[in-house]
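Per-entry structural report
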Amino acid sequence: MVEAVFQPGGDAATALYIVAFSLFIIGIKQGTHPTTAKRGNLIAAVGMAVAIVTTLLLDGMGNWGLIFLGLGIGTAVGVIASIRVQMTEMPQMVALYNGVGGGAVALIAWSEIRHGISLGEDFPLDELIPVIFAGVVGSVSFWGSNIAFAKLQDLIPTRPIAAPGQQVINAVLLLAIVVICVILAVDHESPSQGLFILLLVLAAILGNLVVLPIGGADMPVVISLLNAFTGLSAAAAGFALDNVALIVAGTLVGSSGTILTLEMATAMNRSVSNILFSGFGGAPSGGGGGTGEEKPHVSIGAQDAAIKLAYADSVVIVPGYGLAVAQAQHAIKEVADELEKRGVTVNYAIHPVAGRMPGHMNVLLAEADVAYENLKEMEEINPEMSRTDVAVVVGANDVTNPAAKNDPDSPIAGMPIIEVSEAQEVIVIKRSLSPGFAGIDNDLFYEPNTSMLFADAKAAAAEIASEIGNL
Amino acid sequence: MTEITIFVLAVFVGFEVISKVPTTLHTPLMSQTNAIHGIVMLAGLIVLGYADDGLEYVIGTIAVAFGAINIVGGFMVTDRMLGMFAKKPKPKASSDGKGGA
């Protein structure tokens with residue numbers, strides 16, 4: 001019934017692959033602008049459909065039962081997982097999807113090696129090298145992403161976990177991996193499958209050991225980096241299979257992911273190598289946290305907060321991960337609505353790394369129908385801060401810590417912050433004085449113009465909204 | 001060398017296309033590019049489609065399933081995130097406009 005089968009690498013298949021990756025490029029391009037992003041995602045999805053159908057129609061394809069079994073299971077899992085996931089859990093979902101992508105690459109590489117060996121022919125180097133690269137990077141990405149997922153999902157502690165001499169162990173592992181790669185490449189006439197499997201295992205251990213010592217605060221950068229890695233490994237698989245769609249799409253993800261990673265790292269004033277090779281808030285700097293001594297701070301209730309807000313002219317809301325955890329976005333929007341009814345100007349200050357991923361806060365606030373124009377980026381809002389009457393910090397911590405500016409010895413020294421302490425008054429809604437991800441105390445809490453409202457963000461916001469309504 | 005040429009050009013296209021993204025869109029965009037590297041499922045399909053021994057069947061099927069999770073989940077999650085940015089119709093318009101089918 002299907003006459004129109006394509007020759008692998010033939011003109012028709014290649015033409016359709018070109019259509020597919022053109023749609024990816026257009027899709028990514030449109031994904032960079034808020035008004036076109038949703039359409040862009042659909043365009044990329046259409047491109048993917050074209051690529052998949054083209055591949056299924058390649059001449060000589062078989063094992064249809066297994067192909068549809070794999071497609072069926074994968075589609076079902078993907079659909080169910082993405083419908084059930086909460087908006088707060090998006091970052092770990094991305095980590096998980098990235099992981100399975102990396103896992104797929106590693107498995108494909110293994111299968112290619114087996115297939116090549118079973119043919120008993122000389123393994124051409126321009127095929128073997130990409131396969132080895134895909135196997136190693138795919139395996140690192142799979143395990144690294146799983147650890148990132150587990151950390152964000154609180155399945156394992158988010159704090160850095162490191163064994164003594166970890167750097168040495170990692171270096172030895174890396175060296176072993178390189179040596180095995182060279183042995184495999186030199187012996188390309190009959191590469192050993194056992195050695196290749198050992199390579200996958202070592203890469204898996206390395207993936208675990210590299211991500212485990214990284215603290216939760218740096219996880220977005222790690223996921224972004226692993227995303228770029230998976231893209232590159234997909235491109236490598238494309239080299240091995242002479243598949244132009246894989247080469248282009250994988251490379252696009254590799255280079256765009258690299259840019260995104262660098263942007264995130266810059267926003268945190270950390271270099272990527274710093275993140276990978278030293279644990280943020282690790283053992284040495286953790287001292288400041290749990291000491292019994294308490295510095296003086298001002299604590300207020302919801303009613304006081306409501307009064308301060310209702311009689312202000314301009315209010316800036318600074319959301320953080322606490323808002324996401326408490327699912328407080330709708331309650332905060334209610335507060336803003338009540339204030340706007342009274343003629344108060346309300347804006348939202350979004351720190352580039354607020355939450356656990358860039359854009360995390362924007363997604364949550366958009367869910368609560370906050371207008372895009374009211375979301376101000378850090379560079380835009382900081383000059384406005386001195387003209388702001390009240391800044392409300394909701395579940396944010398490190399991104400407002402003045403120590404980043406004032407204390408050169410602080411572990412977060414130099415990280416750009418939202419300068420809330422410039423505002424006339426600051427209200428911090430937080431459950432306790434406990435430190436944030438970076439594991440350091442926040443000087444903001446003890447400043448004279450700061451009032452602490454100790455409560456769950458959602459409950460506090462709902463209470464404030466109703467108090468304002470009563471005024 | 002053709003493939004290397006394609007690769008290098010794609011690197012630059014990736015850099016160019018992505019530069020100057022508002023922070024707002026970083027997470028959705030990362031999620032979208034994440035879905036796009038699910039393209040590796042194509043390799044899984046090819047490997048499985050031409051496989052001819054037991055272990056290759058197993059590996060290939062798992063690889064295809066992994067790739068499908070990556071693609072389907074990735075695009076759907078991105079769509080959910082971006083759905084939040086869609087301009088919702090004003091309540092007035094929706095209640096008035098309900099008359100005609």
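Above this text sits the structure in question.
So, here's what we can say about the structure. (Residues numbered from 1 in each chain as written. Chains lettered and ligands numbered in written order. Predicted model: local features only at pLDDT ≥ 70, side-chain atom pairs only at ≥ 80, totals over all residues. Heavy atoms only, no water.)

1. Things to note about the packing of helix α8 (residues 219-241) of chain A against helix α2 (residues 26-36) of chain B
The cut-off we apply is this: Interaxial angles span 0 to 180 degrees and are taken between N-to-C directions of axes, which are lines fitted to C-alpha atoms, for helices over the stretch in contact. Secondary structure elements follow DSSP: runs of H or I of four or more residues count as helices, runs of E of two or more count as strands, with numbering from the N terminus. Every angle not falling under 35 degrees, over 145, or within 65 to 115 is termed oblique; those three ranges are roughly parallel, roughly antiparallel and roughly perpendicular. Each crossing gets its handedness from the near helix: less than a right angle anticlockwise from the far helix is left-handed, clockwise is right-handed. Only heavy atoms matter for contacts: two residues are in contact if any of them lie within 4.5 Å across the pair.
For the pair α8 of chain A and α2 of chain B, interaxial distance at closest approach is 10 Å and the crossing angle is 30 degrees. With respect to their mutual orientation, α8 of chain A and α2 of chain B come out roughly parallel. The two elements α8 of chain A and α2 of chain B meet at a crossing, and its hand is left-handed. Mapping the contact onto sequence places Pro220, Ile223, Ser224 and Asn227 of chain A in α8 of chain A and Met30, Thr33 and Asn34 of chain B in α2 of chain B.

2. Let's talk about the packing of aromatic side chains
Rules: Here the aromatic set is Phe, Tyr and Trp, taking the six-membered ring for Trp, and pairing holds for ring centres within 6.5 Å; pairs whose planes are under 30 degrees apart are stacked, those over 60 apart are edge-to-face, and all others are tilted. For each residue, the accessible area found with a 1.4 Å probe, counting protein chains only, is set against the maximum for its type, and the residue is called buried under 20%, exposed over 50%, and partly exposed in between.
Enumeration over the complete set of coordinates arrives at six aromatic pairs over all chains. Each ring, one from Trp64 of chain A and one from Phe68 of chain A, has its centre 6.0 Å from the other, and the planes form 25 degrees; the classification is stacked. Taken together, the residues span about one helical turn, with Trp64 of chain A and Phe68 of chain A both in helix α3 (residues 64-84) at a distance of four residues. Given the relative accessible area of 48%, Phe68 of chain A is considered partly exposed. With a centroid separation of 5.9 Å and 25 degrees between ring planes, the pair formed by Phe142 of chain A and Phe66 of chain B is classed as stacked. Of this pair, Phe142 of chain A sits in helix α5 (residues 125-152) while Phe66 of chain B sits in helix α4 (residues 54-83), which puts the two residues in different chains. Here Phe142 of chain A falls in the buried class, since its relative accessible area comes to 17%. Following the ring pairs from residue to residue traces out a cluster consisting of Phe142 and Trp143 of chain A together with Phe66 of chain B.

3. Considerations on a nonpolar patch on the surface
Residues and elements named next belong to chain A. So the rule is basically this: Within the patch definition used here, like charges are joined within 9 Å and nonpolar side chains (Val, Leu, Ile, Met, Phe, Trp, Tyr) within 5 Å, considering only residues with over 30% relative accessible area and no salt bridge. Here, Shrake-Rupley sampling with a 1.4 Å probe gives the accessible areas, and only protein chains in the shown set may cover a residue. Any Lys or Arg side-chain nitrogen found within 4 Å of a carboxyl oxygen on Asp or Glu counts as a salt bridge.
Where nonpolar side chains cluster on the molecular surface, the patch consists of Leu174, Val178, Val182 and Val186 and spans about 360 Å² of accessible area. Of note, Val186 is situated in helix α6 (residues 166-186). Using a relative accessible area of 63% as the deciding quantity, one classes Val186 as exposed.

4. So, a negative patch on the surface
How we decide: Positive charges come from Lys and Arg alone, negative charges from Asp and Glu alone, with His and the N- and C-terminal ends not counted. Taken as the charge centre is NZ of Lys, CZ of Arg, CG of Asp or CD of Glu, depending on the residue.
Taken together, the side chains of Glu121, Asp122, Asp187 and Glu189 of chain A define an acidic patch exposed on the protein surface. For Asp122 of chain A, a relative accessible area of 45% gives the class partly exposed.

5. A few points about the interface of chain B and chain A
Accessible area lost upon the coming together of the parts serves often as the stated size of an interface. Our working rule: Once two parts are put together, the accessible area they lose, assessed with a 1.4 Å probe and summed over both, is termed the buried area. Contacts described as polar in this section are N or O atom pairs within 3.5 Å, which, within protein, must combine one atom able to donate a hydrogen with one able to accept it, while residues neighboring in sequence count only if both atoms come from side chains. Gly is put with the polar residues, along with every residue not named as nonpolar or charged; the nonpolar set is Ala, Val, Leu, Ile, Met, Phe, Trp, Tyr, Cys and Pro, and the charged set is Asp, Glu, Lys and Arg.
The interface is formed by 75 residues belonging to chain B together with 104 residues belonging to chain A. In total, about 8,000 Å² of surface goes out of reach between chain B and chain A, with carbon and sulfur atoms giving 74% of it. Taken together, chain B and chain A are joined by two salt bridges. Across the pair Asp53 of chain B and Arg114 of chain A runs a salt bridge whose closest N-O atoms are separated by 2.4 Å. Viewed at the interface, chain A and chain B are joined by 18 residue pairs in polar contact (both at pLDDT 80 or more). Mapped onto the side of chain B that touches chain A, the elements with two or more residues apiece are α1 (2-18), α2, α3 (40-49) and α4 of chain B. Counting residues per element, the side of chain B that touches chain A draws most heavily on α4 of chain B, at 27 residues. For the side of chain B that touches chain A, a count of residues per class yields 47 nonpolar, 20 polar and eight charged.

6. Side note on the sheet that holds strand β6 (residues 425-430) of chain A
Residues and elements named next belong to chain A. Put simply, the rule reads: Two strands pair if DSSP finds at least two bridges between them.
If you trace the seven strands from one edge of the open sheet to the other, you get β1-β7-β6-β5-β2-β3-β4, paired in parallel fashion. Only two strands of the sheet have a single partner each, and these edge strands are β1 (298-299) and β4 (375-377). Of the strand pairs in this sheet, β6 and strand β7 (residues 450-454) are connected by five bridges, and their pairing is parallel. Paired with Val428 across the strands is Met452, a residue of β7. The strands touched by helix α13 (residues 329-341) within the sheet are β2 (314-319), β3 (345-350) and β5 (390-394), with β3 carrying the most contacts at an inclination of about 145 degrees. Relative to β3, helix α14 (residues 360-367) is tilted by about 145 degrees, and along the sheet it contacts β2, β3 and β4.

7. Comments concerning the pattern of salt bridges
Following the criterion strictly, the structure yields eight salt bridges over all chains and no others. Across the salt bridge formed by Asp79 of chain B and Lys38 of chain A, the nearest N and O atoms sit 3.1 Å from each other. Of the two residues, Asp79 of chain B sits in helix α4 while Lys38 of chain A sits in helix α2 (residues 37-56), which places them in two different chains. For the salt bridge of Glu425 of chain A with Lys308 of chain A, the shortest nitrogen-to-oxygen distance reads 2.6 Å. One end of the pair, Glu425 of chain A, is in strand β6; the other, Lys308 of chain A, is in helix α11 (residues 302-310), with 117 residues separating them in the sequence. Taking the relative accessible area as the measure of exposure, Glu425 of chain A reaches 26% and is therefore partly exposed. Since its relative accessible area comes to 24%, Lys308 of chain A is described here as partly exposed.

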